[in-house]
Amino acid sequence: MTNSWKHSIRDPAGRLHVMGSNLFRQVYAEYAEVYRGLLESTFIRELQDSGDLVQTALFHEEPYRPSADDAAEGHVKLPAIGNGDILLTHKKIPFVSFPAEWPPEMLHAAGQLTLKLSEQALAHGFCLKDATPYNVLFDGPKPVFIDFLSFEPHEPNDPLWFAQAQFIRTFLLPLLVNTELRLPLSSLFLTKRDGIEPSQVYHMLNPVKRLMPPFVTRVALPVWLSAKAENSAGSIYRKRTLKNSLQANYILLAQFGSLRRDMERALGKKSKLTGSWSDYNDTCTYDEHSFANKDVFVEQFLMNGKPRRVLDVGCNTGHFSVLAARHGAEVVSIDQDPAVIGALWKEASSENLSILPLVVDFARPTPALGWNNAEYPSFLDRSRGYFDAIFMLAVMHHLVVNDQIPLDEIMDLASRVTSRYLIIEYVAPDDPQFKRIARGRDSLYQHMTSDFFELTATNYFRILGKREIGNHHRTLYILEKSRHVK
Amino acid sequence: MKHLMTVMYLCLLFPVNAHAYSDPGSGLMLWQLAASFFVGLLFYIKRILSAVNRLFKNDK
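Residues numbered from 1 in each chain as written. Chains lettered and ligands numbered in written order. Predicted model: local features only at pLDDT ≥ 70, side-chain atom pairs only at ≥ 80, totals over all residues.

Enquirer: Please provide a residue-by-residue account of the overall build of chain B, values included.
Expert: Assigned secondary structure in chain B consists of two helices and zero strands. Expressed as a percentage of the 60 residues in chain B, the buried residues total 15%. (Helix = DSSP H or I, 4+ residues; strand = E, 2+ residues; numbered from the N terminus. Buried ≥ 20, exposed ≤ 12 C-beta atoms within 10 Å, placed from the backbone.)

Enquirer: Which residues make up the overall build of chain A, and what are the values?
Expert: Scanning chain A from N- to C-terminus turns up 19 helices and 15 strands. Dimensions along the principal axes, computed over C-alpha positions, put chain A at roughly 80 × 70 × 35 Å. Buried residues in chain A amount to 41% of all 486 residues. Considering only contacts within chain A whose residues lie at least 6 apart along the sequence, 68% involve residues at least 24 apart. (Contact = placed C-beta atoms within 7 Å.)

Enquirer: Account for the sheet that holds strand β14 (residues 461–468) of chain A, naming residues and giving values.
Expert: Remark on secondary structure: sheet strands pair via backbone hydrogen bonds, oriented parallel or antiparallel. Residue and element names in this part refer to chain A. Taken in spatial order, the seven strands of this open sheet run β11-β10-β9-β12-β13-β15-β14, and their pairing is mixed. Of all strands in the sheet, those bounded by a partner on one side alone are β11 (355–359) and β14. The sheet shows a mean angle of 15 degrees between the axes of neighbouring strands, taken without regard to direction. Here strand β12 (residues 387–392) pairs with strand β13 (residues 418–426) via five bridges, running parallel. Counted as the bridge partner of phenylalanine 391 is isoleucine 423 from β13. (Pairing = 2+ DSSP bridges. Axes fitted to C-alpha atoms, helices over the stretch in contact; angles between N-to-C directions.)

Enquirer: I'd like a rundown of the domain arrangement of chain A, residues and numbers included.
Expert: Split by domain assignment, chain A resolves into domain 1 (1–92), domain 2 (97–271) and domain 3 (280–481). Using only C-alpha atoms to locate each centre, domain 1 of chain A and domain 3 of chain A end up separated by 38 Å. (Domains from an automatic or database assignment.)

Enquirer: Hey, could you go over the nonpolar core for me, with residue numbers and the actual values?
Expert: For soluble globular proteins, nonpolar side chains are generally found buried alongside one another. Residue and element names in this part refer to chain A. The biggest cluster of nonpolar side chains holds 136 residues, and the ones touching the most others in it are Leu172, Ile390, Phe391, Met392, Met396, Leu422 and Ile423. The biggest single contributor to this core is helix α5 (residues 164–181), with nine residues. Once residues within four sequence positions are removed from consideration, leucine 172 is found in contact with Phe167, Arg218, Leu259, Asp262, Met263 and Ala266. (Core = buried A, V, L, I, M, F, W, Y, C linked by C-beta atoms within 7 Å.)

Enquirer: Could you give an account of the interface of chain B and chain A, with specific residues and numbers?
Expert: Taken together, the contact pairs 20 residues of chain B with 30 residues of chain A. For the side of chain B that touches chain A, the secondary-structure elements that each account for two or more residues are α1 (2–12) and α2 (26–59) of chain B. Broken down by element, the residue count for the side of chain B that touches chain A peaks at 12 residues, all from α2(B). For the side of chain B that touches chain A, the residue count by class is 13 nonpolar, seven polar and no charged. (Nonpolar A, V, L, I, M, F, W, Y, C, P; charged D, E, K, R; others polar.)

Enquirer: Give a detailed account of the packing of helix α17 (residues 407–417) of chain A against helix α19 (residues 450–457) of chain A, specifying residues and quantitative values.
Expert: Residues and elements named next belong to chain A. Packing of α17 against α19 brings their axes to within 9 Å, and their N-to-C directions diverge by 40 degrees. When the axes of α17 and α19 are compared, the pair comes out oblique. The hand of the α17/α19 crossing is right-handed. Between α17 and α19, the residues in contact are Leu407, Asp408 and Met411 and Phe453, Thr456 and Ala457, respectively. (Parallel < 35°, antiparallel > 145°, perpendicular 65-115°, else oblique. Left-handed = near helix turned anticlockwise from the far one by under 90°.)

Enquirer: Explain the packing of helix α4 (residues 104–123) of chain A against α5(A) residue by residue, including any values.
Expert: Residues and elements named next belong to chain A. Running from amino to carboxyl end, α4 crosses α5 at an angle of 150 degrees, the nearest separation of the two axes being 10 Å. Taken together, the axis directions place α4 and α5 in an arrangement best described as roughly antiparallel. Both α4 and α5 take part in a crossing whose hand is left-handed. Residue-level inspection shows Pro104, Leu107, His108, Gly111 and Thr114 of α4 in contact with α5, the latter providing Phe167, Phe171, Pro174, Leu175, Asn178 and Thr179. For the contact of α4 with α5, the class distribution of residues is six nonpolar, five polar and no charged.

Enquirer: Could you give me a rundown of the confidence of the model for chain B, with the residues and numbers involved?
Expert: Residues and elements named next belong to chain B. Confidence in the prediction for chain B averages 70 pLDDT; 57% of positions are at 70 or higher. Under a pLDDT of 50 for its full length, residues 7–22 has, in the predicted model, 11 contacts with residues more than four places off or in other chains. Under the prediction, the complex receives an ipTM of 0.71, its pTM being 0.89. (pLDDT = per-residue confidence, 0-100.)

Enquirer: Now, about α5(A): what can you tell me, with residues and values included?
Expert: Most pronounced at Leu172(A), the bend in α5(A) amounts to some 35 degrees, and the proline Pro174(A) follows within four residues. For α5(A), the tally of buried residues reaches 14 of 18 residues, placing the bulk of the element in the interior. (Bend = angle between axes of the 7 residues up to and from the residue.)

Enquirer: Now, about the environment of His397(A): what can you tell me, with residues and values included?
Expert: All names here are of chain A. Looking at the element boundaries, histidine 397 is found in helix α16 (residues 396–401). As for histidine 397 and methionine 448, which are separated by 51 residues in sequence, their C-alpha atoms are 9.6 Å apart. Not counting the four nearest positions on each side in its chain, histidine 397 is found in contact with Val427, Gln433, Phe434 and Ile437.

Enquirer: Tell me about the environment of Ile410(A), residues and numbers included.
Expert: All names here are of chain A. In this structure, isoleucine 410 sits in helix α17. Each C-alpha atom, one on isoleucine 410 and one on valine 400, is 8.5 Å from the other, the two residues being 10 residues apart in sequence. Beyond its immediate chain neighbours, meaning those up to four positions away, isoleucine 410 contacts Met396, Leu399 and Ile405.

In structure tokens form, the structure reads like this:
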């Protein structure tokens, strides 16, 4: 990522700078005192120690003028800051992901972290000024709150959390329409920055559902009340204070508790795995012996190749992602089915595996989004050169047949994403799975022989090893990127 | 059928009526104010109940 990305441009208190591999957060002079104090508080230190808040440290307090000598001597390049501004550093989260790529389970976890931090901040005289999934990233499967400047001092007698409406729009309602109405989260977050409005959800619901909890309080009543709010102009947003700070605190904690319960209920309604791939392990054509061969082949590669960062494309249940993580690799696992990604996230969380599962279709990866298309980089921008190994196991034929991507294109893209290895499974056109998805168009794919596969692969890679795994001549390859390929 | 439903849902994402100058978040804010009022009442009701409870316990 370069500094041309526009991170955190909306925050009035500061902005984020990406300088090479370093992350700096500039805090403007008028807010510097607050955040310097907050950084030294035990509350923030404990949040960082628990991993709930990104590691943050004070870096520089004076205006800094980078000189040509610094660059020549290899010093850390710093952004120029104004008089009185302070500069903080953040630990970088290994692989950045966005809500459009999360299954409901991850959105739920990010929402629960936001509520937990809101409650803890309240006990220390702070609150969160915004509540959006973009304030959370995942370090492996663990959600981490990254927006340090979201904390702001809270007036003890104020009973309202202004960010609540944003929390409902960006966490609760997306989760509800996903679990109740089966609307994919990606279709919401790819088209909307700030979630979904109650009025939009209202039109999706039948009259009975509108009166059922939690829709009646989170959707129907706000919609009916909004007609009244039209006449009150901005007066509903004026600051309100109560005489009793204990009462204000009680009201806020009740609001957080109610949101937490609604989030739990929304996720609870999500039925068991029902995605198109969820039963893949039962229906695919592997016999036990072939699968064991595949397992041994991949494990041998992991032991000999020792990849540090693996991208598992079309990971399905994540069997090989787990194998790679257990061999010490940091894994990003992608699949287009949110059900399998949600299940893999739960497994990685409970077993503390370094796996970040994401709902990404490799044939239609997440595009660049946001202002100037520069706020949220595309999946491929984040991936290129980041991984030293890609797994494409039982994926090639789906890309060739379902997505109609020529093999040469697949090899070309894989060679741009990996910095070294590609572990790929060749599936012949006479394989039952291949024939099933080809739906009678077998003649279109007769050229996909193993010779053609190897010839195409060697335009970008050299073959380090291959093994037929005894299942309709399926063959696994270890490919290494050729030196001439950039 | 599933895809058709998805397309229909997506169509619903786009508002039928244009509210060019309305504030779509105002309903949520008004509801928050109303809910806060009732929870605030509950705070005092709980306090009164616990005071009454204490009174009876002391009597015993």
